[in-house]
Amino acid sequence: MAFGARILKTGLAVTLALYLSALLNFTSPVGAAIAAIFAMQPSIYRSWRYFLDQIQTSTMGAVLALLGGMLLSNEPIAVGLVCILVIMISMKMNRADTIGLTLVTVISVMEASGQWEFALTRFLLTLTGIIAAFIINIAVFPPQPRKQYIQQIEIVFGSLSLLLRTAVSHEMKESVFRDEKNALEGSIRSLADKYALFEEEQKQLRRAKYSQTRQMVVYKNLLASLQKGFEVLEAVERHYFQAERTELTDELFDRHLEQLIKYHETILLKFEDKLKPGATDIAPLGEDNDRFLQAAINGYDAGKNGQLRLSVVAAAIYDYGYQLERLDKVADQINRLTGDEKE
């Protein structure tokens, strides 16, 4: 089981929430600890947004619970009805991610049958837990999603290149290949979640800087290239080995995949500024990619089984190459703009 920064920060947030509750003389600090667990978010922006959203829904929930306790007592059916009402209002407010903690507040307040002092205490406990989580999230290993994104891109590409190099040659054990492919799929999904987080933050900025917009274009193309490479793996696994092939066909597909992987690797080195000045002038892939697809079409033999399956694989490989061309152009533009800014 992996031990990460978020696990550590959650434990520290709970500890801080309990200490703050003791310092403020709250009789039942458990509510603050629960709030701290819910409030730990993957970015500072989300922590701040969660803080604001939770204040709104918790206030609304505490008020409704207070009224429900005074008018309907704390019978189980009354608690259930108030919970339903709170969920409906929270969904209407587009605050679905705060429902869990808000319901904890509602149930706790209704337990006291409408005592406003208890309702206020529960609200302050929730606020204490959220503040504790926010402080820990900023002070201890503050999230650096952009740096982590680039590092994860490199790791995911390493796994992708290994699987693509052995996909057609079929050298890797099937069980190992399947496990590695599943792990790769999870990593790409994690990257997509991080990109969604960047996009969400970008939309909240009224006037995003040009450099930030440019960065988003880079992240989007880096992710799309990995996704296209994974689609090649999917196509090979589903279709390639179900078709009749010759050694020349295997050589054609394997050779072009090797070329695409090297091209992808060179582009990533461009982004990291690790290449010598003259080494960045790599040959364009467009013509080679077109020749590969044309060769695959010319090799189509209606007399052999599964030839259309080979066409599906060839199309996926061609699409991967096309995406790499777009990524290469973005890399050139970034390097050019960076050079101009330095001058």
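Conventions we followed
Residues numbered from 1 in each chain as written. Predicted model: local features only at pLDDT ≥ 70, side-chain atom pairs only at ≥ 80, totals over all residues. Heavy atoms only, no water. Helix = DSSP H or I, 4+ residues; strand = E, 2+ residues; numbered from the N terminus. Axes fitted to C-alpha atoms, helices over the stretch in contact; angles between N-to-C directions. Parallel < 35°, antiparallel > 145°, perpendicular 65-115°, else oblique. Left-handed = near helix turned anticlockwise from the far one by under 90°. Contact = heavy atoms within 4.5 Å. Nonpolar A, V, L, I, M, F, W, Y, C, P; charged D, E, K, R; others polar. Phe/Tyr/Trp six-rings, centres within 6.5 Å; stacked < 30°, edge-to-face > 60°. Buried < 20%, exposed > 50% of the residue type's maximum accessible area, 1.4 Å probe, protein only. 1 Å grid on protein atoms, 1.4 Å probe; cavity = no way out; pocket = protein on both sides within 12 Å on 5 of 7 lines; lining within 4 Å. Points joined across faces, edges and corners; volume = space filled by probe spheres on them. Patch = residues over 30% accessible without salt bridge, like charges linked within 9 Å, V, L, I, M, F, W, Y side chains within 5 Å. Areas by Shrake-Rupley, 256 points an atom, 1.4 Å probe, with all protein chains shown as cover. Salt bridge = Lys/Arg side-chain N within 4 Å of Asp/Glu carboxyl O. pLDDT = per-residue confidence, 0-100.

A. Representation of unusual backbone geometry within the structure. Of note, the phi angle at asparagine 25 is positive, near 65°, even though the residue is not glycine. Relative to the helices and strands, asparagine 25 resides in the loop between α1 (5–23) and α2 (30–39). Residue asparagine 94 is not a glycine yet carries a positive backbone phi of 60°. Tracing the backbone shows asparagine 94 in the loop between α4 (76–92) and α5 (99–111).

B. Seen up close, the environment of leucine 308. Along the chain, leucine 308 turns up in helix α12 (residues 307–342). Here the alpha-carbon distance between leucine 308 and isoleucine 297, two residues 11 residues apart in the chain, equals 9.9 Å.

C. Spatial organisation of the packing of α1 against α2. Between α1 and α2, whose axes approach to 8 Å, the crossing angle comes to 150°. Our classification of the angle between α1 and α2 gives roughly antiparallel. The interaxial crossing formed by α1 with α2 has right-handed handedness. Seen from α1, the contacting residues are Thr10, Ala13, Val14, Ala17, Leu18 and Ser21; seen from α2, they are Ala32, Ala33, Ala36 and Ile37. In the contact of α1 with α2, the residues fall into 8 nonpolar, 2 polar and no charged.

D. Spatial organisation of the packing of aromatic side chains. Inspection of every chain in the model, using the stated rule, returns 8 aromatic pairs. Relative to phenylalanine 198, the ring of tyrosine 149 lies with its centre 5.3 Å away and its plane at 75°, an arrangement referred to as edge-to-face. Of this pair, tyrosine 149 sits in helix α7 (residues 145–167) while phenylalanine 198 is found in helix α8 (residues 174–204), placing the two residues 49 residues apart along the sequence. An identical accessibility class is assigned to tyrosine 149 and phenylalanine 198; each is buried. A connected cluster of aromatic rings, assembled from ring pairs, spans Tyr240, Phe241, Phe253 and Phe292.

E. Here's a closer look at empty space enclosed by the protein. Using the criterion set out here, one finds 1 cavity of 30 Å³ or more in the structure. In this structure, the largest cavity encloses a volume near 30 Å³. Every residue along the wall of the largest cavity is listed here: Phe26, Thr27, Ser28, Phe118, Thr121, Arg122 and Leu125. Its residues assigned to classes, the lining of the largest cavity comprises 3 nonpolar, 3 polar and 1 charged.

F. View of a nonpolar patch on the surface. A contiguous nonpolar patch, built from Val63, Leu67, Met70, Leu71 and Leu72 and spanning about 520 Å² of accessible area, is present on the exposed surface. Positionally, leucine 72 belongs in helix α3 (residues 44–72).

G. How the structure looks around the side chain of histidine 264. For histidine 264, the position within the fold is in helix α10 (residues 247–271). Using a relative accessible area of 1% as the deciding quantity, one classes histidine 264 as buried.

H. Molecular detail of the confidence of the model for the protein. Of all residues in the protein, 88% attain a pLDDT of 70 or more, and the chain-wide mean is 83. The least confident element of the protein is α12, whose mean pLDDT is 82; the most confident is α10, at 90.

I. Highlighting the pattern of salt bridges. Under the definition given, this model contains 15 salt bridges. The closest approach of N and O atoms between lysine 181 and glutamate 234, which form a salt bridge, is 3.6 Å. Taken together, the residues span a long stretch of sequence, with lysine 181 in helix α8 and glutamate 234 in helix α9 (residues 210–239) at a distance of 53 residues. What makes lysine 181 buried here is its relative accessible area of 6%. Across the pair arginine 245 and aspartate 250 runs a salt bridge whose closest N-O atoms are separated by 2.8 Å. Residue class for aspartate 250 comes out partly exposed when judged on its relative accessible area of 23%. When salt bridges that share partners are traced, they join Arg49, Asp53, Arg95 and Asp97 into one network.

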